[in-house]
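Below are the chains, spelled out letter by letter.
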Amino acid sequence: MAETTYIGAINGALAAELRRDATVRILGEDVAEGGPFGATKDLAAEFGDRVRDTPISESTVMGIATGMALAGLRPVVEIMFIDFITLAFDQLVNQAAKARYMSGGQLRCPLVVRTSSGAGTRSGAQHSQSLEALLVHVPGLAVAMPATAADAAGLLMSAVRADDPVVVIENKELYFRKEPSFDPAPVPLGSALVRRPGRDVTLVATSRTVHEALAAAEDLARDGIEVEVIDPRTLQPLDLGTILSSVRRTHRCVVAHEAVRRGGFGAELASLVQEEAFDALDAPVVRLGAPATPVPVSPPLEDAYLVRAPQIVSAIRSLLNGSA
Amino acid sequence: MWLIRAFEESVSELVGTGEVVGLVHVSIGQEASAVGVCDVLEARDRVYSGHRAHGHVLARGADPAAVMAELMGKAAGLCGGKGGSMHLVDVAHGVLEATGVVGGTIPLALGTALALRETEPGAVAVVFFGDGAVQTGYFHESLNIAALWKLPVLLVCENNGYAEFTPRSAHTPVERVTRHAETYGVDARTVDGNDVVAIREAASALVAPLRSGGGPALLECLTYRMRGHYEGDPAKYREASEVAEWKAKDPVRRFASGAVATGELSAEDAAACEAAARRAVAAAVSAARSAPFPAASALTEDVGG
């Protein structure tokens, strides 16, 4: 069976969007050389200077992409590691996210930011973070976190076609994960997916942690515990309806992500579930995430930092035993 | 220039009465750069500005009533009252953004210049900023990239000698902003920023190559703000003698008296222009005053994500 990788799917989606729409542009460090992971491989050869290398000037490059978007182009800017998005935060937060609102609707900013997130590569505290909660907090930004190759392609295609800024947060550990080949199709922003149905507990997981959640569900199924795994796919807009309808059936909810637990997206989701479906809950929502520390390099320390399947299994067993 | 001067004198009064809201920065004394540069621009060109933007927007032809209404937070404002003094946008007149973040619109102008080169060859992007913005990373990173990519962008630095409350000499050892252009091989000129005719000539000379594939360019206008950094700033950091010295170089009176002296304008016509500007501003204030505030529903409109 033919296979594709997550990074290959991103590369294919970028090529397809460049072919489909003459206003699409790509810019970022090393993009004309294919980028460090190959997301933009061979694109410069086909699309010339529509794929533009930039100096290591993240803040200005984000501003340039925003200025292109305000003038009618559809730029896809690559921030190599999400850790470096902090350098570009002023432009993203103060200009791109606010242009439409501050102009009273005169402007639209069809900007896409692609960036890679996540630990597990022993790269240390400045190349491993999960900063999605910072972005979700900013009105005016959409935030996508694809967990599969099909979603990496599909969410990116939708992001390019959106008229407002979208940050697509990819996961480094997923880049070379293989999936059966598929026909790329846009995945709507704000559409969660039930990755595995189950009756006993709702497990909401994002990005790489979706695969940990599925492994945990498989493990628990051997003991007759049926876990429903939901992948929101975009944190903003959030398909809360799919999550709530699951919680109303299972009466229990766990949210698991790679980011630091404190102030993380899980806190927002737990709050929303308790606000909207308190009467359906048999127990408080459980949040799983990283400790409030920078990401360490040392292999055993980094392994302990990440939420993996065994931790999810343990949390769900405790929840069902009433000791959560 | 008369319109901008009359408009901002009125704004200053209306800040005092509380009708104009928020943080407000006027450009009284600096009008020549807005007028001199915008006079060489065409409808297809795109302009960005900073926090001291009223003059740039008016010089591009924005309706004074819509600008005033915006400053009052009214629904009839350019941005429906959501932008305010520091964030004026008038797409119809080619003003894409002004910003309260010093230096923040410089890279936006580069991006727009790149887009214009591909979609509207011959059009240019212009960004106005103060000398304080020259000490941001944006200025230096942008000068590098604009030169590298030969972007059709004109960077206009209104060097009024002060970054907020602090003289330029306390922030940088580099006296002339145009010195930075030399490193990147960027065409640059420093002009008397209170001489609208000199500014117009320099802007025209710098913009012409941008329309035929050249770029970028930097124009430094040496000027002075007659009022404080913001309305309400007592500006105790300046000597009275310095203010008096610049008052004698007032760009509006200087242009008018010069034009009258050379016979290009009669004294009667000059007075009529000034009076017409004051009438237009009075009408703008009246219209903005009577305009309604936005409906409550506007609070959550026009936000993506």
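Our structure is the block above this text.
Since the structure is predicted, the reported quantities are computational estimates derived from the model, not experimental observations.

Caption draft 1: Expanded view of the overall build of chain A. Counting its secondary structure elements, chain A contains twelve helices and 14 strands. A compact globule built from 324 residues would reach a C-alpha radius of gyration of about 20 Å, and chain A, at 19 Å, matches this within 12%. In terms of its C-alpha atoms, chain A occupies a principal-axis envelope of roughly 60 × 45 × 40 Å. By residue count, 60% of the 324 residues in chain A fall in the buried class. A fraction of 82% describes how many contacts in chain A between residues 6 or more apart in sequence connect residues 24 or more apart. Total accessible area on chain A stands at roughly 11,600 Å², and carbon and sulfur atoms take up 53% of it. Considering chain A, the positive charge centre built from 30 side chains and the negative charge centre built from 39 side chains are found 2 Å apart.

Caption draft 2: Quick look at unusual backbone geometry. Going from Q236(A) to P237(A), the amide bond is cis rather than trans, its omega being -5°. Along the polypeptide, P237(A) turns up in the loop between β12 (234-236) and α9 (240-250). In the segment running from G215(B) into P216(B), the intervening peptide bond is cis, with an omega of -5°. Position of P216(B) relative to the elements: it lies in the loop between α8 (196-210) and β8 (217-222). Despite not being glycine, S207(A) has its phi angle at roughly 50°, a positive value. Residue placement: S207(A) occurs in the loop between β10 (201-205) and α8 (209-221). Among the residues examined, S207(A) registers a relative accessible area of 5% and is labelled buried. Unusually for a residue other than glycine, H251(A) sits at a positive phi of about 70°. Assignment of secondary structure puts H251(A) in the loop between α9 and β13 (253-260).

Caption draft 3: Quick peek at the packing of helix α1 (residues 2-17) of chain B against helix α11 (residues 267-290) of chain B. Residue and element names in this part refer to chain B. At a minimum axis separation of 8 Å, α1 and α11 run at an interaxial angle of 40°. Put simply, α1 runs oblique to α11. Handedness of the α1/α11 crossing: right-handed. Of α11, the residues touching α1 (which contributes W2, L3, A6, F7, E9, S10 and L14) are A270, C273, E274, A277, R278, A280, V281, V285 and R289.

Caption draft 4: Spotlight on the packing of aromatic side chains. All names here are of chain A. Counted by the stated rule, this structure contains eleven aromatic pairs over all chains. Ring centres of F37 and F81 lie 6.0 Å apart, and the angle between their planes is 80°; on these two criteria the pair is classed as edge-to-face. Of the two residues, F37 is situated in the loop between β2 (24-28) and α2 (43-47) and F81 in the loop between β4 (74-79) and α4 (89-96); the sequence distance between them amounts to 44 residues. Residue class for F81 comes out buried when judged on its relative accessible area of 12%.

Caption draft 5: Quick look at the interface of chain A and chain B. The interface is formed by 37 residues belonging to chain A together with 39 residues belonging to chain B. Carbon and sulfur atoms make up 59% of the surface buried where chain A meets chain B, a total of about 3,100 Å² over both sides. Three residues, Y101(A), M102(A) and Q106(A), lead the burial of chain A against chain B; their summed loss comes to 22% of the area buried on that side. Connecting chain A to chain B are two salt bridges. For R100(A), the salt bridge identified is with D302(B), shortest N-O distance 3.9 Å. Summed over the shared surface of chain A and chain B, the result is 14 residue pairs in polar contact (both at pLDDT 80 or more). Among the elements of the structure, β3 (51-53), α3 (58-70), α4 and α5 (99-102) of chain A are those that each provide at least two residues to the side of chain A that touches chain B. Across the side of chain A that touches chain B, the residue classes break down as 15 nonpolar, 16 polar and six charged.

Caption draft 6: Structural context of the pairing of strand β5 (residues 112-117) of chain A. Residues and elements named next belong to chain A. Most of β5 sits out of view: six of its six residues are buried. In β5, alternate side chains face the same way, and those of V112, R114 and S116 on one face and V113, T115 and S117 on the other are all buried. Sheet analysis places β4 next to β5, joined by four bridges and oriented parallel. Residue V76 lies in a different strand from β5, and its bridge partner there is V112. Pairing between β5 and strand β7 (residues 166-171): six bridges, direction parallel. Each residue of the ladder has a partner; that of V112, found in β7, is V166.

Caption draft 7: Geometry of α11(B). Residues and elements named next belong to chain B. With 24 residues, α11 extends 35 Å from end C-alpha to end C-alpha; this agrees with the ideal 34 Å at 1.5 Å per step. Those residues of α11 lying buried are A270, A277, V281, A284, V285 and A288. Where α11 is buried, its residues touch α1, α4 (64-71) and α10 (251-261).

Criteria and cut-off values
Residues numbered from 1 in each chain as written. Chains lettered and ligands numbered in written order. Predicted model: local features only at pLDDT ≥ 70, side-chain atom pairs only at ≥ 80, totals over all residues. Heavy atoms only, no water. Helix = DSSP H or I, 4+ residues; strand = E, 2+ residues; numbered from the N terminus. Rg over C-alpha atoms; globule rule 2.2 N^0.38 Å. Buried < 20%, exposed > 50% of the residue type's maximum accessible area, 1.4 Å probe, protein only. Contact = heavy atoms within 4.5 Å. Areas by Shrake-Rupley, 256 points an atom, 1.4 Å probe, with all protein chains shown as cover. Lys, Arg positive; Asp, Glu negative; His and termini not counted. Charge placed at Lys NZ, Arg CZ, Asp CG, Glu CD. Axes fitted to C-alpha atoms, helices over the stretch in contact; angles between N-to-C directions. Parallel < 35°, antiparallel > 145°, perpendicular 65-115°, else oblique. Left-handed = near helix turned anticlockwise from the far one by under 90°. Phe/Tyr/Trp six-rings, centres within 6.5 Å; stacked < 30°, edge-to-face > 60°. Buried area = accessible area lost by both parts, 1.4 Å probe. Salt bridge = Lys/Arg side-chain N within 4 Å of Asp/Glu carboxyl O. Polar contact = N/O pair within 3.5 Å; in protein donor to acceptor, adjacent residues only side chain to side chain. Nonpolar A, V, L, I, M, F, W, Y, C, P; charged D, E, K, R; others polar. Pairing = 2+ DSSP bridges. Expected span 1.5 Å × (residues − 1).

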